[in-house]
Amino acid sequence: MRAIQATWSLACGLLALLAAPPVTRAQPPSQPQPPSQPQAPRSGGVVERDVVELAPARGARIERIDIDNRLGDVKIEGHDREALSIIAVKRAPDQETLERLKVSLVPDPGGAVMVSTSLLAGLEARPIPAGSVRIDLIVKAPRSAQVQAQVWKGRIAVSGVENGAELVTDDGDIAVSEVTGAVSTHSGHGRQTFARVFGAIDARALEGDLDLDVVRGDRVAAVVQEGQVNGRRVAVRELSVLVTRGSISIEGEAMAGGRYRVASYWGNVQVKLGGKAPLHVRAHSREGRVSLPRRFRPRTAHDGVVTATYGAGGTAADIDLRTRVGSITLAEF
Amino acid sequence: MIGCRDTDRLVTAYVDGDLDERRSSALRGHLRVCTRCAARVEDEVRLRDAAARLEPLDPPADLWQAIDARLAEEEIADAQRGRLWLWWQRGVDVVRRHAIPAGALGAAAAAALAIWIAPSGDEPARRHAAPAVAGAGEVEPAAGEAGSSPEPDGACAGAAGHDELVLCQMHRSDRRYLQAIEELSAALADERSAWSAEDAARFDAAIAELDRAAQDELKRLAARGAASPADRDPLYAIYRAKIDLLSQAVVGGVPAEGR
């Protein structure tokens, strides 16, 4: 294994393009898998593992990392160093194709680093077999760097960063853990998990479940077209979870003055709240049952909307629960 | 050559103005030489004019309530049907809707992707297609498999090479977005009856703006013949904004508030 150490000088103002030379060649697929456990090429093929390290000049910092990898997975880990370390695992059916798989690293004088992958055009005398090329990236970045990653058919995992992340995958899971700051995600298909996130979450999913565990901060906004949303230990000031088809279960804490909107068009809504703030509840199920704790003394209006108030003193938390076809259950700790 | 039998078949579309120019021209040519068909078209035009002059009927006040109650019954009954029925409906739905995205995606993109449009059973069944309603409106979510990714290549397994595979995957992504938009748009029709005119106008303007942006983007893609996933990022961003807006309105009950 060989590492290339690139010194980054902000003063020079030049964009450097680094592509690491091959390190390990023609490994049979039976060799130990790299940490990201990507799929092996369909039949045979060659695997190469490159390591690139980029250290900023003295006094400079890497403030932002933009990763665009449409050829595989991306895993980003925050670390306590100022340098950026990238491990690229390339897979191809043959050596010729392997050499067409490129990783580009472009540092910007403004403090951003762009990492992208590509499959260079070839003579195409014979087409590359479907599913036989792949690049998986493992990036170790300064914790303070803001992270942006986009993949096509692949997973994204981010952990240990402190300045938020923006993550997009067309088809693949997204896993976010130990992250501080604003996190924005989109997945066309795949599960999204958020564990120990402190800040704000904006999550979008077309098909896939959303799992929140220990989330604190200003806001959680989730829009899911088809999938279940499960939240545990969620304590945010503003919560908006909208699911078109799928049930929602949220367990957390209501804050004084907080706004909580949990709605499914087609699915059950279950909310379990703790906290000392008084609650003002509005719940409406067109085709199902609404259950509130008895001591809330709910009132049902003519149009089927159930309202209730519980507790006194201080600013109430506003809770809006909706479903068209499903039941609503509000419980308290 | 167009004949009397063709005229019988095409007359309605011709009178409605839905017939394309080439076939309209051929039909007009036939009408010049066939008095029977000319009379047939004249009758059709007269019938349409008479129908257009009729006073609009005011439906009884309780008609919509009755329809709504009936719809609710049917939806509950549909929700209680088995998964097989849902699969079947999904297949029918996919076949039906594919005329729309293929037209909308523009000539270049459509030509490249058309080979993938035909199969209808290629999309895995939606995991939460319809929760079964049990008892007094209680919902039992359909048993779905755990979230997995990336999606198995199923539909694209027949791709011979890397480029074909990516094209197939792009088509599936397009379809996923368009299906979500279509589903939300269909649900919106029911929800918006409760909106104020002002809310409805503001919402429609926001949607129209996104639609224009999507059309512009599709034209740009077609003109460039762009065929890589990254080229579609702007289009998908627009689709996502539209899905957000529709979800806020349909699910969240907020018609005029964008993201």
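Residues numbered from 1 in each chain as written. Chains lettered and ligands numbered in written order. Predicted model: local features only at pLDDT ≥ 70, side-chain atom pairs only at ≥ 80, totals over all residues.

Quick notes on the overall build of chain A
Keep this limit in mind: Secondary structure elements are taken from DSSP: a helix is a run of H or I of four residues or more, a strand is a run of E of two residues or more, and numbering for both begins at the N terminus. With C-beta atoms placed from the backbone, the exposure class of a residue follows from how many other C-beta atoms lie within 10 Å of its own: 20 or more, buried; 12 or fewer, exposed; in between, partly exposed. C-beta atoms are first placed from the backbone for all residues, and any pair lying within 7 Å is then listed as a contact.
Scanning chain A from N- to C-terminus turns up 1 helix and 24 strands. A total of 333 residues make up chain A; the buried ones form 49% of that total. Excluding contacts between residues fewer than 6 apart, the proportion of contacts in chain A whose partners are at least 24 apart in sequence is 48%.

Observations concerning helix α9 (residues 197-224) of chain B
All names here are of chain B. For clarity, the cut-off: Multiplying 1.5 Å by the helix residue count minus one yields the expected span of that helix.
Over its 28 residues, α9 extends 40 Å from the first C-alpha to the last, a length consistent with the 40 Å expected when each residue adds 1.5 Å. All buried positions along α9 are accounted for by Phe203, Leu210, Ala214, Glu217 and Leu218. One or two steps after α9, the chain reaches Gly225, where phi turns positive at roughly 65°.

Examining the interface of chain B and chain A
Interface size is commonly expressed as the accessible area that is lost once the parts come together. Our working definition: Side-chain classes are defined by residue name, with Ala, Val, Leu, Ile, Met, Phe, Trp, Tyr, Cys and Pro counting as nonpolar, Asp, Glu, Lys and Arg as charged, and the others, Gly among them, as polar.
Taken together, the contact between chain B and chain A spans 44 residues of the former and 51 residues of the latter. Contributing elements (two or more residues each) for the side of chain B that touches chain A: α4 (63-79), β2 (138-140), α8 (162-191) and α10 (233-250) of chain B. With 11 residues, α8(B) is the largest single contributor of residues to the side of chain B that touches chain A. Within the side of chain B that touches chain A, the residues separate by chemical class into 20 nonpolar, 12 polar and 12 charged.

A short note on the pairing of strand β4 (residues 74-79) of chain A
The test is simple: Between any two strands, at least two bridges found by DSSP are needed for them to pair.
Sheet topology note: the β4(A)/strand β8 (residues 134-142) of chain A ladder contains 6 bridges and is parallel. From the neighbouring strand, A:Glu77 faces β8(A), where its bridge partner is A:Lys140.

Points about the packing of helix α1 (residues 4-16) of chain B against helix α2 (residues 21-33) of chain B
All names here are of chain B. Spelled out, the test is: As a rule, the C-alpha atoms of each element are fitted with a line to give its axis, helices using only the stretch in contact, and angles between N-to-C directions run from 0 to 180 degrees. Any angle from 65 to 115 degrees is called roughly perpendicular, while one under 35 is roughly parallel, one over 145 is roughly antiparallel, and all others are oblique. Handedness of a crossing is defined here by the sense of rotation of the near helix relative to the far one, left-handed for an anticlockwise turn of less than a right angle and right-handed for a clockwise turn.
Contact pair α1 / α2: the axes reach a minimum separation of 11 Å and the direction vectors enclose 120°. By the angle between their axes, α1 is oblique relative to α2. Along this stretch, α1 crosses α2, giving a crossing that reads as left-handed. Contact residues: Thr7, Leu10 and Tyr14 in α1; Arg23, Ser24, Leu27 and His30 in α2.

As for the nonpolar core
Heads up, the condition is: By convention in this section, buried Ala, Val, Leu, Ile, Met, Phe, Trp, Tyr and Cys residues joined through C-beta atoms within 7 Å make up a nonpolar core.
In this structure, A:Ile65, A:Val139 and A:Val262 are the most contacted members of the largest nonpolar core, which totals 107 residues. No other element matches α10(B), which puts 9 residues into this core. If we skip the residues at most four places from it in the chain, A:Ile65 touches A:Leu84, A:Val113, A:Val115, A:Val139, A:Ala141, A:Ala145, A:Val147 and A:Gln148. With 8 residues, the next largest nonpolar core counts A:Ala130, B:Cys156, B:Leu167 and B:Met170 among its residues.

Focus: the confidence of the model for chain A
For the record, the criterion: Values of pLDDT, which run from 0 to 100, indicate the predictor's confidence residue by residue.
Looking at chain A, pLDDT values average 85 and 86% of them are 70 or higher. No element of chain A has a lower mean pLDDT than strand β1 (residues 3-8) of chain A, at 39, and none a higher one than strand β10 (residues 156-159) of chain A, at 98.

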